[in-house]
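Residue-level structural notes
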Amino acid sequence: MVYRWQCRRCAFDCWAASVDAAAEAIGSHLVEHAASNIRRDDVRVAWRCPRCGAEGETYAGDVDDAVESFESHLLGHTKSRLEADAHVADAVGGTGNVLVISPLDGDAADNARTHFLSRGDDVVLVTANPAARLRLLDRTLPSWPASTTVVTTATEPLSGVDVDPAARSISVVPLDGRPDLSGVGETLSRTIESHQSAGTLSVEFDILPELLATFELRTVFRFLHLLTARLDRERALAHYYLDPRRAQRASCNVLEGVFDLSIRAEGSVFVAGSTG
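Before going into details, it helps to say that this report is about the structure given with it.

**Here we look at the overall build of the chain**
- The helix and strand tally for the chain stands at eight helices and 13 strands.
- Along the first, second and third principal axes, the C-alpha atoms of the chain reach 65 × 40 × 35 Å.
- A buried classification covers 49% of the 276 residues belonging to the chain.
- Taking contacts inside the chain between residues at least 6 apart in sequence as the whole, the part at least 24 apart equals 67%.
- About 13500 Å² of surface is accessible on the chain, with carbon and sulfur atoms providing 46% of the total.
- Each charge class in the chain was averaged separately, 27 positive and 39 negative side chains, and the resulting centres sit 5 Å apart.

**Regarding the nonpolar core**
- Within the largest apolar cluster, 31 residues are counted, with the highest numbers of intra-cluster contacts made by F205, L208, L224 and Y240.
- Among the elements of the structure, β6 (96-101), β7 (122-126), α5 (181-193), β10 (201-205), α6 (208-214), α7 (217-233), β11 (237-242) and α8 (249-256) are those that each provide at least two residues to this core.

**Some points on the environment of G177**
- Residue placement: G177 occurs in the loop between β9 (170-174) and α5.
- Overall, the relative accessible area of 58% leaves G177 in the exposed class.

**A closer look at the sheet that holds strand β8 (residues 147-152)**
- Within the open sheet, the ten strands sit side by side as β1-β2-β13-β12-β6-β11-β10-β7-β8-β9. Their pairing is mixed. Both edges of this open sheet fall to β1 (3-6) and β9, since each of them pairs with a single strand only. Neighbour-to-neighbour, the strand axes of this sheet turn through a mean angle of 20 degrees, independent of strand direction.
- Relative to β8, β7 runs parallel, the two being bridged by five bridges. Looking at the pairing, L125 lines up with V150 of β8.
- Along the sheet face, helix α1 (residues 19-33) touches β1, β2 (13-16) and β13 (269-272) and points at about 15 degrees away from the line of β1.

**Considerations on the environment of L30**
- Relative to the helices and strands, L30 resides in helix α1.
- With relative accessibility at 12%, the residue L30 sits in the buried group.
- Distance in space between the C-alpha atoms of L30 and S72 is 10.0 Å, their sequence separation being 42 residues.
- Residues contacting L30, with those up to four places away along its chain left out, are W5, L74, L75 and T78.

**What to know about α7**
- The end-to-end C-alpha distance of α7, which contains 17 residues, comes to 24 Å, matching closely the 24 Å that a straight helix rising 1.5 Å per residue would cover.
- Within α7, burial applies to V220, F223, L224, L227, T228, R230 and L231. Down the axis of α7, the buried set is contained in an arc of 155 degrees. They therefore lie on one face. Opposite the packed face of α7, turned more than 90 degrees from it, sit the exposed residues R218, L226 and R233.
- Looking at the buried positions of α7, the neighbouring elements they touch are β6, α5, β10, α6, β11 and α8.
- At the exit of α7 stands R235, carrying a positive phi of roughly 55 degrees.

**Topic: the packing of aromatic side chains**
- Throughout the structure, instances matching the rule amount to five aromatic pairs.
- Look at F205 and F223: their rings are 6.3 Å apart centre to centre, the planes differ by 45 degrees, and that puts the pair in the tilted class. Of this pair, F205 sits in strand β10 while F223 sits in helix α7; the two residues are 18 residues apart in sequence, bridging distant segments of the chain. An identical accessibility class is assigned to F205 and F223; each is buried.

The rules behind the values
- Residues numbered from 1 in each chain as written.
- Predicted model: local features only at pLDDT ≥ 70, side-chain atom pairs only at ≥ 80, totals over all residues.
- Heavy atoms only, no water.
- Helix = DSSP H or I, 4+ residues; strand = E, 2+ residues; numbered from the N terminus.
- Buried < 20%, exposed > 50% of the residue type's maximum accessible area, 1.4 Å probe, protein only.
- Contact = heavy atoms within 4.5 Å.
- Areas by Shrake-Rupley, 256 points an atom, 1.4 Å probe, with all protein chains shown as cover.
- Lys, Arg positive; Asp, Glu negative; His and termini not counted.
- Charge placed at Lys NZ, Arg CZ, Asp CG, Glu CD.
- Core = buried A, V, L, I, M, F, W, Y, C linked by side-chain atoms within 4.5 Å.
- Pairing = 2+ DSSP bridges.
- Axes fitted to C-alpha atoms, helices over the stretch in contact; angles between N-to-C directions.
- Expected span 1.5 Å × (residues − 1).
- Arc of directions from axis to C-beta.
- Phe/Tyr/Trp six-rings, centres within 6.5 Å; stacked < 30°, edge-to-face > 60°.

And the structure:
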């Protein structure tokens, strides 16, 4: 179950795997909006609700307790707007191109991968680590997609995977170990063209950090502009992973403009937008 909450004051939008995880993210956001309603002095921390005028205070300077109390109160006004059975894809009309900003090798990115791949009747994985991605599919999805295509630079892509490729309709499309962008684009175009199913195609693009390390930012930007347009025509749900530890903030800002939506994955919470 995934829950969604949208702020009515700014572009903040969040999805979470549990009510408790959603409440934590929402509460922190609401307090950001209402920060001017928290007063501190030498002996107490006090707050006043901007919506209903309710007040609370904590003595002995315990700021954490006061903020937690304020968060809980603010949540009481908005928790009813928490939507159940939600999906990030709904924010882009069911299909589109989504940038996921998160360390590539952590639980947050894996949670995002599972979230997006669960919507795919057919799956394309563009990755340098196919074994880990296939094991994730096997471990987290209730059933395998109708077909899974692995596009990879790995020399032994199925090594270490305890899955029968034929039984799971897994095929491998090799990429050159040091691919040029035209080669990547042509390979992906051929792979996408071979998709004959009428169902949703979910495309995971894991090699963005490698491309940024190899090519100039403007070259990668142009490549992504062409690729996202191609996937739009196929009505695919594509998700691209960018590790903020391996890219400058300015590069992230530039690339975000290519996508229909950009989210940050933190644990089991995905957040789009910010306080405005």
